Each structure stands twice: as C-alpha cells, then as structure tokens.
Amino acid sequence: MIDPKWIGRVNFYELIFGTFLSYIFIVLMWEIVFKTKLEEWRYIFITLIGASFFLVNHYFQNAPFYLWLLYGYSLVFLVAYYIIGVKPMPGSSLKKIFATLSGIVFTIAFILFENIAKFGVENGINEFWFMLIAYFGYLAIVVWRAEVLKPKSQQL
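Residues numbered from 1 in each chain as written. Predicted model: local features only at pLDDT ≥ 70, side-chain atom pairs only at ≥ 80, totals over all residues. Heavy atoms only, no water.

1. A few points about the side chain of T36
Along the chain, the position of T36 falls in the loop between helix 1 (12-33) and helix 2 (40-51). A polar atom in the side chain of T36 sits 3.0 Å from the backbone oxygen of F34. A polar side-chain atom of T36 sits 3.4 Å from a polar atom in the side chain of K95. (Helix = DSSP H or I, 4+ residues; strand = E, 2+ residues; numbered from the N terminus. Polar contact = N/O pair within 3.5 Å; in protein donor to acceptor, adjacent residues only side chain to side chain.)

2. Considering the pattern of salt bridges
Across all of its chains, the model carries five salt bridges by this definition. Of the charged contacts, one joins E122 and R9 as a salt bridge, the two residues approaching to 3.0 Å between their closest N and O atoms. Here E122 is found in helix 5 (residues 93-122), whereas its partner R9 is found in the segment before helix 1, with 113 residues between them in sequence. Residue classification places R9 among the exposed residues on the basis of a relative accessible area of 54%. A salt bridge links E40 to R145; the nearest nitrogen and oxygen atoms lie 2.9 Å apart. Of the two residues, E40 sits in helix 2 while R145 sits in helix 6 (residues 127-149), which places them 105 residues apart along the sequence. In this structure E40 comes out as buried when scored by relative accessible area, which is 15%. On the basis of relative accessibility, which here comes to 5%, the residue R145 falls in the buried class. Three or more residues are tied together by salt bridges with common partners; here these are E31, E40 and R145. (Salt bridge = Lys/Arg side-chain N within 4 Å of Asp/Glu carboxyl O. Buried < 20%, exposed > 50% of the residue type's maximum accessible area, 1.4 Å probe, protein only.)

3. Section: a nonpolar patch on the surface
Taken together, the side chains of L94, I97, F98, L101, I104, I108 and L112 define a hydrophobic patch exposed on the protein surface, amounting to about 690 Å² of accessible area. Assignment of secondary structure puts I97 in helix 5. Exposure remark for I97: the relative accessible area of 49% places this residue in the partly exposed category. (Patch = residues over 30% accessible without salt bridge, like charges linked within 9 Å, V, L, I, M, F, W, Y side chains within 5 Å. Areas by Shrake-Rupley, 256 points an atom, 1.4 Å probe, with all protein chains shown as cover.)

4. Considerations on the layout of surface pockets
Of the volumes computed, that of the largest pocket is approximately 450 Å³. Together, 21 residues line the largest pocket, and F53, N57, T107, I111 and E114 are the ones closest to its centre. When contributions to the lining of the largest pocket are tallied by element, the ones reaching two or more residues are helix 3 (53-59), helix 4 (66-86) and helix 5. For the lining of the largest pocket, the element with the highest residue contribution is helix 5, accounting for nine residues. Class assignment for the residues of the lining of the largest pocket results in 11 nonpolar, seven polar and three charged. Approximately 210 Å³ is the volume found for the second largest pocket. If you go around the second largest pocket, the residues you meet are T19, F20, Y23, E40, I44, T47, L48, A51, Y138, I141, V142 and R145. Elements that contribute at least two residues to the lining of the second largest pocket include exactly helix 1, helix 2 and helix 6. Here the lining of the second largest pocket takes five residues from helix 2, the largest share from any one element. (1 Å grid on protein atoms, 1.4 Å probe; cavity = no way out; pocket = protein on both sides within 12 Å on 5 of 7 lines; lining within 4 Å. Points joined across faces, edges and corners; volume = space filled by probe spheres on them. Nonpolar A, V, L, I, M, F, W, Y, C, P; charged D, E, K, R; others polar.)

Next comes the structure, spelled out in structure tokens:
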C-alpha cells in the first residue's frame, strides 16, 4: 500500500491542463523544428508516458526513494522517447542527437504548462477553469488532428 505521507502536492487539474498543451507542443516541435511528421500514435504515446510522471510526482513525491524513482523514470522516458520518436526518424546523426535532447525540452515544457495551472489556482483562479480550458483544448486537438489526417482530396 502507498504510504499517505509520501503523497506530494501535484494535483490532477495540473496534469489535465499540462497534457493537452504538451501534446500540441510536441506535434509542433517535431513538425516545425525537425520537419518530421510522426505517426499520430507516436505523439500520443510520448505524451502519455510524459503524463504518467504524475504517478511518481503525486504518489511518491515525499517518499524516501523519490529521487531514485524520478531518475529511473526519467531514463526510461528518454529511452522510450528515442525508440518511439527518434529512431525511426530520417536524417543525420546530428539531427537525431538534437531530436533526442528535445525529450528534455518536452519535459521542461510539460512542467511549465502544469505550473501555469498551479500558479493560477494558487493566485485565486478556481481549478474548474483550467479543467474547462483543457477539455476544450482536447476537443480542439481532435478537430485539428482529424483535419491533418484527412487525405488531401477531402480537406477544405
């Protein structure tokens, strides 16, 4: 059983808000910066693995082994990021090195997006508004990516 004393201050609304923005971020980073379009499941899977850090940060943030868990999870994330996104990527070794390092950029962006919600709630904005924005954000992603995935002949 998880010791209740281990639970940290990371809240669910932070995760929900940070995840939709992180998904947009990773798609734009790969398609604009690296000029590489990944299969949609790859963006989703990378974002899911990034979002699952919530389990570590929420349930184990005050555990005595938290840093080891965080470092281990970070290593697993970077390896998965490489295998899912970078390895199948066409291009030079230098491009692949920068793409691998973008996993760190993605992680920092994810944390910043979560902290926007945290900062807002700590300064008097109800968490409801961050959840509502996030749900509309997810809806916008579905519409955006569905349009991108249509064959050219069906796009307006």
